[in-house]
Every structure is written in structure tokens, then in C-alpha cells.
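Below, each chain spelled out in residue letters.
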Amino acid sequence: MRLKPFPLFCLLFMPGLGTAAEKTVYGLNEYAQLAGINLEVAAKLDTGAKTASLSARDIKRFKRNGESWVRFYLAIDTAHSHPIERPLARVSKIKRRAGDYDPDEDKNYTARPVIALDICMGTALRSIEVNLTDRSAFQYPLLIGSEALKRFDALVDPSLKYAAGKPACAADAHTAE
């Protein structure tokens, strides 16, 4: 059987190919600037995770002017010994892994506080929701899941690392919706 040559211009009419050109290609790992905290961290981009997670410890919820807030310390290194306070966006139920399940608690999820955080990757500044949990046992203090990746209009190429380079968002840049 002999195949006929396929005209390349026909690719223009295939659905979905036009939208890929508008997206930014990121690697499996990227540098992320945590705006408002003035910190740059290495992040893992994980399309298999729904939510984003930031490594935090000593997480406490409290009320301020009748609103729910959360106070925490970054669980990244010993240099981050000052507390960070942010309004509580919501509480997320995260499915537990098999090794994390406690049959005495009879819960297959863990509740985590969620905050809104402005994050810069490459030249894109976006406001995303991150849940707070101790990730100090993991290599990357920030995990960026699929919901946040959608906000970045991201395509993730797992063969790349740090494809977007160092964060370079303008100080007065507005976050895209």
C-alpha cells in the first residue's frame, strides 16, 4: 500500500492546533516567584494533581475583623522564621494516599487551608489558590497542579526543566484572569 503525501497546510484546519500556539510551554520544574512574600522557589508542575500546594508549618487559623485568616511559616529552610498571614480562601479536602490513611480516623481525606497567592513564572503573573501543607519531605516546596496550570495557559513538556527561565514579572503587572 502506498501513502499519498499529506499537504501540510491541511494542519491549519485541524481543531485544537491553533490553541496550542497561544499557550506557554513550561518544563516539569520551573522557578516561581511568590509575590508578596518576596521569595523565589523551585516548583514541580504536576498535571496529575488538581490543586497547588505550598510547604508550610505551624499552620493556625484565626479571626481578624470577623474574617477567617491563616498564619503559617514557610517549611522551606531555616531562613524563613517569620510568620506569614493571609486571608483564608477556603478549606480543601485532599484525598489521602494509601500510606497516609489512618483507619482509626475513618477519613480518606485531609482538610487543608487554602490561600490565594500571586505567583510569577517566566513573565506570567497569576493569582492562584494554594493549599498549605508540610512538603519538607519533598524535593520541591511548591507543587503547581492542573487548576493553576490552566490559569497560566500552560503546556507542560516533562522533558524540559526551567524552560521559562527566572521569573521576570513587572512589579506593576496585573494578574490575568
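Calculation notes
Residues numbered from 1 in each chain as written. Predicted model: local features only at pLDDT ≥ 70, side-chain atom pairs only at ≥ 80, totals over all residues. Heavy atoms only, no water. Helix = DSSP H or I, 4+ residues; strand = E, 2+ residues; numbered from the N terminus. Buried < 20%, exposed > 50% of the residue type's maximum accessible area, 1.4 Å probe, protein only. Phe/Tyr/Trp six-rings, centres within 6.5 Å; stacked < 30°, edge-to-face > 60°. Lys NZ or Arg CZ within 6 Å of the ring centre and 35° of its normal. Salt bridge = Lys/Arg side-chain N within 4 Å of Asp/Glu carboxyl O. Patch = residues over 30% accessible without salt bridge, like charges linked within 9 Å, V, L, I, M, F, W, Y side chains within 5 Å. Areas by Shrake-Rupley, 256 points an atom, 1.4 Å probe, with all protein chains shown as cover.

Asks: Describe unusual backbone geometry, and please don't skip the residues or the numbers.
Replies: Even without being a glycine, Asn65 presents a positive backbone phi close to 50 degrees. By secondary structure assignment, the location of Asn65 is in the loop between strand 4 (52-64) and strand 5 (67-74). Overall, the relative accessible area of 77% leaves Asn65 in the exposed class. Backbone geometry places Tyr162, a non-glycine residue, at a positive phi of 55 degrees. Positionally, Tyr162 belongs in the segment after strand 11 (154-157).

Asks: An account of the packing of aromatic side chains is needed here, citing residue identities and associated values.
Replies: Inspection of every chain in the model, using the stated rule, returns three aromatic pairs. Taking 4.2 Å as the distance between ring centres and 25 degrees as the angle between the ring planes, the aromatic pair formed by Tyr31 and Tyr162 counts as stacked. Of this pair, Tyr31 sits in strand 2 (residues 29-34) while Tyr162 sits in the segment after strand 11; the two residues are 131 residues apart in sequence, bridging distant segments of the chain. When its relative accessible area of 25% is taken as the criterion, Tyr31 is described as partly exposed. The exposure class of Tyr162 is partly exposed, given its relative accessible area of 26%. Look at Phe62 and Trp69: their rings are 6.4 Å apart centre to centre, the planes differ by 35 degrees, and that puts the pair in the tilted class. Among the residues examined, Phe62 registers a relative accessible area of 17% and is labelled buried. Directly above the ring of Phe62 sits Arg71, whose terminal nitrogen or CZ lies 4.2 Å from the centroid. Directly above the ring of Phe138 sits Arg135, whose terminal nitrogen or CZ lies 4.7 Å from the centroid.

Asks: Tell me about the pattern of salt bridges, and please be specific about residues and values.
Replies: Under the definition given, this model contains six salt bridges. Residue Lys166 is joined to Glu40 by a salt bridge in which the shortest nitrogen-to-oxygen separation is 2.8 Å. Taken together, the positions of Lys166 in the segment after strand 11 and Glu40 in strand 3 (residues 39-45) put the pair 126 residues apart, joining distant regions of the chain. Salt-bridge contacts for Arg71 lead to Glu85; the nearest nitrogen and oxygen are separated by 2.7 Å. Of this pair, Arg71 sits in strand 5 while Glu85 sits in strand 6 (residues 84-87), and the two are 14 residues apart along the sequence. Arg71 sits in the partly exposed class, given a relative accessible area of 30%. Given the relative accessible area of 25%, Glu85 is considered partly exposed. Among the charged side chains, a salt-bridge network with shared partners connects Arg64, Arg71 and Glu85.

Asks: Requested: an account of a nonpolar patch on the surface, with residues and values cited.
Replies: A cluster of nonpolar side chains, contributed by Val25, Leu155 and Leu160, occupies part of the molecular surface with about 200 Å² of accessible area. Here Leu160 lies in the segment after strand 11. With relative accessibility at 31%, the residue Leu160 sits in the partly exposed group.

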